[in-house]
Amino acid sequence: MGKINSDEPQLPLPPELKKPDSSELDGPGRLLGIDVSHYEPSIDFSLAKTSGVGWMFAKATEGTKFVDALLKQHATNAKAVGIAVGAYHFFRANFSGIDQANFFLQTCNATGLNFDLLCLDWEQGSGDGVNVNIQKNEALAFLKRIQEATGKTPIIYGGEAFLRDLGLSSDFKRYPLWLAHYGVTETKLKVPAPWTDWTMWQFTDAGLVKGLAAGHHVDCSYFKGTLADLEKLCKN
C-alpha cells in the first residue's frame, strides 16, 4: 500500500495474483476498492468505476513532512464520479503520533475536500528501529487524535503477520481492520488479535484495473459489505 517515499529503487512487484472469484468469497456483498499515490500519476476514475471500483484511498502524508503531491487530484477526480474517497497516512514510528496526526489533518483540510474515510497505514517499514511498545503507543495516540478531531473512527491498515507480531491490545479493536493478506482465499484468511473479523481485505498489490496505464499494477481490496454498508462506515 504505502510505498515509502524514497529515491531508492523499489523492489520488483511479485507475480500477479488472481483476483478471487465469487466462489472464493465467503458471503455476498464485497465492494472493490483501490489505493493510490503519486506512483499512479494518471487515473481515469470513470473507467475505474466501470471495473467495479466503489471506493479508493489516496496517500496524503508520511511522517511529519512528506505530502503526496497528487492527493487532491486523485480525491477530486474520484469524488466527481461518485467513488467514496479516503485518505491515508504512512506511519513512521520515530515521530510523535500526535504530531503525525496533526500533520495529516492539516494536509487533508488544506485540500478543501471532505474525506469519507481516514486510515493509518502501519507497515513493517514504519518501525524505523523503534521499540515496539513505543510504536504501539504512538500509533494509538495518532488514532485517538484523529477520532477526537474529526469524529470519524480511523481504519488501521496492516499485514497479517506484522500486526499479529506486534501483540496489539484490545485498545486497537475499536478501529476497523484493513487486512493485507495475499495469495489466499477469503476462507483461509487469518485475522490478527485483537480483531475477530476484517472490514477491508487487500488481496493483491498487483491488480489490473481499467483507467490506469496499461500494465500498471495497483493495490486492490474488498470491503466486506455493500455500498450501503460502506456509506454507514463513512458516517461513523
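What counts as what
- Residues numbered from 1 in each chain as written.
- Predicted model: local features only at pLDDT ≥ 70, side-chain atom pairs only at ≥ 80, totals over all residues.
- Heavy atoms only, no water.
- Helix = DSSP H or I, 4+ residues; strand = E, 2+ residues; numbered from the N terminus.
- Buried < 20%, exposed > 50% of the residue type's maximum accessible area, 1.4 Å probe, protein only.
- Contact = heavy atoms within 4.5 Å.
- Areas by Shrake-Rupley, 256 points an atom, 1.4 Å probe, with all protein chains shown as cover.
- Salt bridge = Lys/Arg side-chain N within 4 Å of Asp/Glu carboxyl O.
- Axes fitted to C-alpha atoms, helices over the stretch in contact; angles between N-to-C directions.
- Parallel < 35°, antiparallel > 145°, perpendicular 65-115°, else oblique.
- Left-handed = near helix turned anticlockwise from the far one by under 90°.
- Nonpolar A, V, L, I, M, F, W, Y, C, P; charged D, E, K, R; others polar.
- Core = buried A, V, L, I, M, F, W, Y, C linked by side-chain atoms within 4.5 Å.

Draft legend 1. Spatial organisation of the overall build of the protein. Per the secondary structure count, the protein includes 6 helices and 9 strands. Classification of the 236 residues of the protein by burial places 51% in the buried group. Expressed as a percentage of contacts within the protein between residues at least 6 apart in sequence, the contacts between residues at least 24 apart total 67%. Carbon and sulfur atoms make up 52% of the accessible area of the protein, which totals about 10700 Å².

Draft legend 2. Examining the environment of Val 132 more closely. Of note, Val 132 is situated in helix α4 (residues 132–150). Placed 34 residues apart in sequence, Val 132 and Leu 166 show a C-alpha to C-alpha distance of 6.9 Å.

Draft legend 3. Local environment of the pattern of salt bridges. Evaluated as defined, the whole model comprises 9 salt bridges. Lys 224 is paired through a salt bridge with Asp 197; the nearest N and O atoms lie 2.9 Å apart. With Lys 224 in strand β9 (residues 218–224) and Asp 197 in the loop between β7 (177–180) and β8 (200–207), this pair connects stretches of sequence that are 27 residues apart. Using a relative accessible area of 38% as the deciding quantity, one classes Asp 197 as partly exposed. Bridged by salt links that share partners, the residues Lys 59, Glu 62, Arg 92 and Asp 128 form one connected network.

Draft legend 4. Structural view of the packing of helix α3 (residues 97–110) against α4. The contact between α3 and α4 brings their axes to 7 Å, and the two run at 40 degrees. Considered as vectors, α3 and α4 are oriented oblique to each other. Here α3 and α4 pass one another in a crossing that is right-handed. On the side of α3, the interface is formed by Gly 97, Ile 98, Gln 100, Ala 101, Asn 102, Phe 104 and Leu 105, while α4 contributes Glu 138, Ala 141, Phe 142, Arg 145, Ile 146, Ala 149 and Thr 150. The class makeup of the residues in the contact of α3 with α4 is 8 nonpolar, 4 polar and 2 charged.

Draft legend 5. Just the nonpolar core, in detail. Ranked by internal contacts, the top residues of the largest apolar core, which has 51 residues, are Ile 34, Met 56, Trp 122 and Phe 172. Considering every element that reaches this core, the biggest residue donor is α4, with 5 residues. Those residues in contact with Phe 172 that sit more than four places away from it in its chain are Trp 122, Lys 136, Ala 139, Leu 140, Leu 143, Ile 156, Pro 194 and Trp 195. Of all hydrophobic cores here, the second largest spans 17 residues; its members include Met 1, Trp 55, Cys 119 and Trp 178.

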